[in-house]
Amino acid sequence: MDERSGQVNIAFSPSPEKLNINPEQNPQPNKKKITNIRERPKWDNQLEFLMSCIATSVGLGNVWRFPFVAYQNGGGAFLIPYIIVLFIIGKPMYYLETVLGQFSNSNCVKVWALSPAMKGTGYAQTLGAMYLVSYYVSIIALCFYYLAMSFQSPLPWAVCAPEWTNCVPSGESVNISEIAGNPLSSAELYFTHTVLRQSNGIHSGIGVPLWDLTLCLFISWVIIFLIVARSVKSSGKAAYFLALFPYVVMIILLIRAVTLPGAVNGILFFVTPVWSKILEIRVWYAAVTQVFFSLSVCSGTLIMFSSYNGFRQNVYRDSMIVTTLDTFTSLISGITIFGVLGNLAYELNYDDISNVLGSGGTSLAFVSYPDAIAKTPFLPQLFAVLFFLMMATLGVGSGVALLSTINTVLLDSFPRVPTHFMSAGVCSALFLIGLIYVTPGGQYVLELVDHYGGTFMRLFSAIVETIGVFWIYGLENICLDIEYMLGVKTSFFWRICWMVVTPLLMIFVFFYAIITTDKLVFGDDYEYPSSAYLAGDLLQYIGMAMVPLFILIALKKYRTNSVVGTIRNAFRPKDTYGPQSDELREGWANRDIYVLMKYSSYIK
């Protein structure tokens, strides 16, 4: 047996009697018992973990980001690289993170006891979660604003205000050829002028918070706080509603969308493949970023949620369910959205569906879809309420997961602080930060933070995570850990993905993004002030700098008289890594011996 890698060589496997091994007399090094540890809360049942993962991964990105990204990158042809990336990056990373969290019962920072020098990866993921949740909840606030307005008759975005020029009422069928200039729907003007009160730029500042959006932001944070106030004891119960209710609404909206006049044209526009785009590297880059954004991998949430599992829970099954369901949901959302857009184009006498698509993102959720809802002949208020309640629920589910990631890191570092006090403090701090996004210039800042602190930094964290786990801790070690925990051998598919395919493909995409990424522009042509680009770079590189910074700290902490000894001490697992139960640790300490004996019993 190779003691350094933990790999079992079965070329010669004598019988257990000839081995003469007594596990109690031959303990493995660096796997000592842990006593007096703080008891970690657990999910009340396995379904709570599954529902929490569904509520996290199935979010706003499925509703507005996937349909627009698919349209931009070849329509139906995009599904091919997307599904390939899902199988060789998405599923392996999702499975890995749930395994790491469950095996160690640790958050995304403490899990790096498996290689202390790589601890900065966990802090980078936590910082990325903070960036994301800071603006994510402001989008939930917009959903609550529209939800409150959806009870009015007529819908406020369905009619034109007197001061709006070249306005086309969204609630009426109008011949746009009779309108001079560039016609804009009342839904778009309502979003930019009434809701956001959006400024023309941020060169002169972002303005002060808008009172009504601030109130919606406060309500959003209060709801999230109530869900996370008692950790998994409260969030686990809420997960059932957060995971299941959106599907009820999605099915209702799907049935309604496919029965609208012109819906077929919109759906065909969505799924018709542009085969030439499959060969473009940027399409594969879009597939990778969409998988990361959609599944919430490398944001710390999956490690955090699985750390509250029982040691023997079948996370392989759960990971396959969630990743498959997430893709299925994205397809449903795409068909629904483009069915509605097809109807909108039909009502406006457009031959090209792209004329009603807008710029994607928030405009797809708060302009195109409300525009179509306003034209519904039967109770548009009902469909508006259902849609924005679904959007708010999806957002809260992801917001709860992101906040819980930050919360768990802090609670594990300060175990004496009650959970509800810590939750209140974190929610209050992030609410104050979130006021930036409810100003007239808030959307400009949101775009900046999303671009620099979002998927690019998460991709970097994913690369470092795979290197730390498979190239430093060791592929064979993690496979033996999985076999001890789940009782199943890791197949060749997972091994080749984890060791070679997944990290190398992510490294390629990462450098491609660095080389080809253009300067961020808001809308069609607005360029940010130079100070904004500098702030964006700081957001991005502060997170990435966490990795080399903690490597240096670890090298100093574990320094010896030799360079090789210092590196070995800094990167090898700490004594505290592994299962937190003394009984499980004892079995794990002798796992290699047990595996060798098992193989020996097969070969006689």
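A few points on the structure. The structure displayed is predicted, hence computed values, not measured ones. (Residues numbered from 1 in each chain as written. Predicted model: local features only at pLDDT ≥ 70, side-chain atom pairs only at ≥ 80, totals over all residues. Heavy atoms only, no water.)

Quick look at the nonpolar core
Step number 1: Counting 183 residues, the largest nonpolar core has Trp221 and Phe366 as the members making the most contacts within it.
Step number 2: Those residues in contact with Trp221, other than ones at most four positions away along the chain, are Val133, Val137, Leu403, Cys427, Leu430 and Phe431.
Step number 3: The next biggest cluster of nonpolar side chains, apart from the first, holds ten residues, and it includes Leu448, Tyr452, Ala532 and Tyr533. (Core = buried A, V, L, I, M, F, W, Y, C linked by side-chain atoms within 4.5 Å. Buried < 20%, exposed > 50% of the residue type's maximum accessible area, 1.4 Å probe, protein only. Contact = heavy atoms within 4.5 Å.)

A look at a positive patch on the surface
Step number 1: Together, Lys110, Lys119, Lys557 and Lys574 line one region of the surface with positive charge.
Step number 2: Residue position: Lys119 is located in the loop between α4 (79–104) and α5 (120–149). (Patch = residues over 30% accessible without salt bridge, like charges linked within 9 Å, V, L, I, M, F, W, Y side chains within 5 Å. Areas by Shrake-Rupley, 256 points an atom, 1.4 Å probe, with all protein chains shown as cover. Salt bridge = Lys/Arg side-chain N within 4 Å of Asp/Glu carboxyl O. Lys, Arg positive; Asp, Glu negative; His and termini not counted. Charge placed at Lys NZ, Arg CZ, Asp CG, Glu CD. Helix = DSSP H or I, 4+ residues; strand = E, 2+ residues; numbered from the N terminus.)

Focus: the packing of α4 against helix α12 (residues 315–347)
Step number 1: It is the contact of α4 with α12, at a shortest axis distance of 9 Å, that shows an interaxial angle of 145°. Remark: the crossing between α4 and α12 carries right-handed chirality. Between α4 and α12, the residues in contact are Leu79, Tyr82, Leu86, Lys91, Tyr94, Tyr95, Thr98, Val99 and Gln102 and Val315, Tyr316, Ser319, Met320, Val322, Thr323, Thr324, Asp326, Thr327, Ser330 and Leu331, respectively.
Step number 2: Here the contact of α4 with α12 is built from residues that sort into eleven nonpolar, seven polar and two charged. (Axes fitted to C-alpha atoms, helices over the stretch in contact; angles between N-to-C directions. Left-handed = near helix turned anticlockwise from the far one by under 90°. Nonpolar A, V, L, I, M, F, W, Y, C, P; charged D, E, K, R; others polar.)

A short note on helix α6 (residues 186–195)
Step number 1: Taken as a whole, α6 has its buried residues at Ser186, Ala187, Leu189, Tyr190, Phe191 and Val195.
Step number 2: A positive backbone phi angle near 50° is found at Arg197, which sits one or two residues after α6.

Observations regarding the side chain of Glu465
Step number 1: The topology assignment puts Glu465 in helix α17 (residues 455–486).
Step number 2: Although Glu465 is buried, it forms no salt bridge, and the closest oppositely charged side chain is Arg458 at an N-O distance of 10.0 Å.
Step number 3: Apart from residues lying up to four places away in sequence, Glu465 is in contact with Met93, Leu96, Glu97, Trp112, Thr121, Gln125, Cys298 and Ile303.

Notes on the state of the cysteines
Step number 1: According to the stated counting rule, one finds one disulfide in the structure shown.
Step number 2: One disulfide bridge connects Cys160 with Cys167, the sulfur atoms lying 1.9 Å from each other. Measuring the twist about the S-S bond at about -85°, one finds the Cys160-Cys167 disulfide to be left-handed.
Step number 3: Residue class for Cys160 comes out partly exposed when judged on its relative accessible area of 29%. (Disulfide = S-S within 2.5 Å.)

Side note on the packing of aromatic side chains
Step number 1: Inspection of the entire model under this criterion finds 45 aromatic pairs.
Step number 2: Ring geometry for Trp43 and Phe49: centres 6.5 Å apart, planes at 55°, overall tilted.
Step number 3: On the basis of relative accessibility, which here comes to 8%, the residue Trp43 falls in the buried class.
Step number 4: Taking relative accessible area as the criterion, Phe49 reaches 1% and is therefore assigned buried.
Step number 5: Plain terms: the ring middles of Tyr444 and Tyr526 are 5.1 Å apart, the flat faces sit at 65° to each other, and that makes the pair edge-to-face. With Tyr444 in helix α16 (residues 442–453) and Tyr526 in strand β4 (residues 526–527), the pair connects residues that are 82 residues apart, well separated along the chain.
Step number 6: Tyr444 gets classed as buried once you look at its relative accessible area, which sits at 4%.
Step number 7: Look at Tyr526 and you get buried, because its relative accessible area is 14%. (Phe/Tyr/Trp six-rings, centres within 6.5 Å; stacked < 30°, edge-to-face > 60°.)

Overview of the packing of helix α7 (residues 211–228) against helix α14 (residues 380–413)
Geometry of a packed helix pair, given as the angle between the helix axes and the separation of the axes.
Step number 1: Where α7 contacts α14, the two axes come as close as 10 Å, and the packing angle between them is 60°. Of the possible angle classes, the one that applies to α7 and α14 is oblique. Handedness of the α7/α14 crossing: right-handed. In this structure, α7 contributes Trp221, Ile223, Ile224, Ile227 and Val228 to the contact, and α14 contributes Val396, Gly399, Val400, Leu403, Ser404 and Asn407.
Step number 2: In the contact of α7 with α14, the residues fall into eight nonpolar, three polar and no charged. (Parallel < 35°, antiparallel > 145°, perpendicular 65-115°, else oblique.)

So yeah, pure geometry; function would need other evidence.
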